[in-house]
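Residue-level listing of the chains:
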Amino acid sequence: MTDARDALRDKRERDAKDDDVTVVHLMRHGEVHNPDGILYGRRAGYHLSELGRRMADRVAEHLADRDVTHVVASPLERAQETAEPIARSHGLELATDERLIEAANVFEGKTFGVGDGALRKPGNWRHLTNPFRPSWGEPYIDQVVRMMGALAAARDAARGHEAVCVSHQLPIWIVRSFVERRRLWHDPRRRQCTLASLTTFTYHGDTIVSVGYSEPARDLVPPHLLAGARPVKGKSKAFGA
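Please read all numbers here as calculations on a predicted model, not as lab measurements. Each residue is numbered by its place in its chain's sequence as written, counting from 1. Only residues with pLDDT of 70 or above have their local features reported here, since the model is predicted, and side-chain atom pairs are shown and tallied only from 80 upward, although totals for entire chains, interfaces and linings are computed over all residues. Hydrogens are left out, water is left out, and the side-chain values use all remaining heavy atoms of the structure.

Enquirer: Is there a simple way to explain the packing of helix α2 (residues 50-62) against helix α3 (residues 77-89) in this structure?
Expert: Geometrically, a packed helix pair is captured by the angle between its two axes and the distance between the axes. For helices, the fitted axis covers only the stretch in contact; all axes are lines through C-alpha atoms, and the angles between them, taken along N-to-C directions, range from 0 to 180 degrees. Numbered from the N terminus, helices here are DSSP runs of H or I no shorter than four residues, and strands are runs of E no shorter than two. The contact between α2 and α3 brings their axes to 8 Å, and the two run at 30°. In this view, α2 runs roughly parallel relative to α3, as classed from their interaxial angle. Crossing geometry of α2 relative to α3 is assigned as right-handed. Each of Arg53, Ala56, Asp57, Val59 and Ala60 in α2 lies in contact with α3, whose residues at this interface are Glu81, Thr82, Pro85, Ile86 and Ser89. Residues are sorted three ways: Asp, Glu, Lys and Arg are charged, Ala, Val, Leu, Ile, Met, Phe, Trp, Tyr, Cys and Pro are nonpolar, and all the rest, Gly among them, are polar. Split by residue class, the contact of α2 with α3 holds 5 nonpolar, 2 polar and 3 charged. Roughly parallel here means an angle under 35 degrees, roughly antiparallel means over 145, roughly perpendicular means 65 to 115, and every remaining angle is called oblique. Less than a right angle of anticlockwise turn of the near helix away from the far helix marks a crossing as left-handed, whereas a clockwise turn marks it as right-handed. In what follows, residue pairs with any heavy atoms lying within 4.5 Å of each other are defined as contacts.

See the structure below:
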């Protein structure tokens, strides 16, 4: 059985070499204006901050010379605003894909971060019983299914060229983990998905052959929001989604 699987994989790799190469950049939106530190999730009305707009412009400049023929974003304002300068720089109409939306979360609309006492509130405990699903929000596997569908649609729209899809931290990290064959449950502090970062999927035909990661606006990102940074009281990563 192992030999058969290896032979099938080798055949797919040989066939893929003859197909067009398509690149899909999965981008996280820029910083959001959120002075109250709310876990805003899918709520409307949360727009990019001035710094977030600078991040979006920086990535647009970074991608200006790339062969981008399709730009699509989550329907949420922060994602649309991040995608706009990229689409504009390539003379493209910005598309919307509902599958790129933020993950659903029962704590949406609340503060839920370092030092706010959320974990000490008995009413929250029932939502924290299963980190593997997770019990507090949209199942990881559901995020994989919709995000893989969105990536495939962008690949098809930009076949032989490049596409940019603007989404949100958790769905981006989950689909990357799936493609790279890592477990889906994880420590949120260890997500490599900084604001305005690019997680890049390269396809040969319909097959993903590599995943890359870059941070064109890294120097603009507040230090406590970089991947692996220690949480700071009053400056939770939770609402930078």
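Enquirer: Any chance you could explain the side chain of Gln80 here in plain terms?
Expert: Structurally, Gln80 is set in helix α3. Of the polar contacts made by the side chain of Gln80, one reaches the backbone oxygen of Ser74; its length is 2.9 Å. Looking at Gln80, its side chain comes within polar contact range of the side chain of Thr96, at 3.0 Å. In this structure, Gln80 is in contact with Ala73, Ser74, Pro75, Leu94, Ala95 and Thr96, ignoring residues within four places of it in sequence. Here a polar contact means two N or O atoms within 3.5 Å. Within protein one must be a hydrogen donor candidate and the other an acceptor candidate, and residues neighboring in sequence count only if both atoms are side-chain atoms.

Enquirer: Would you explain α3 in this entry?
Expert: Because each turn of an α-helix spans 3.6 residues, side chains separated by three or four positions end up pointing in the same direction. In this model, α3 (13 residues) spans 19 Å end to end at C-alpha, consistent with the 18 Å of a helix rising 1.5 Å per residue. What α3 keeps buried is the set Arg78, Ala79, Gln80, Glu81, Thr82, Ala83, Pro85, Ile86 and Ala87. Packing partners of the buried residues in α3 comprise β1 (21-28), α2, β2 (68-73), β3 (95-96) and β4 (162-167). One or two positions beyond α3, positive phi appears at Gly91, with a value near 65°. Each helix should span, by expectation, one fewer than its residue count multiplied by 1.5 Å. Burial here depends on accessible area, computed with a 1.4 Å probe over protein chains only, as a share of the maximum for the residue type. Under 20% is buried, over 50% is exposed, and the range in between is partly exposed.

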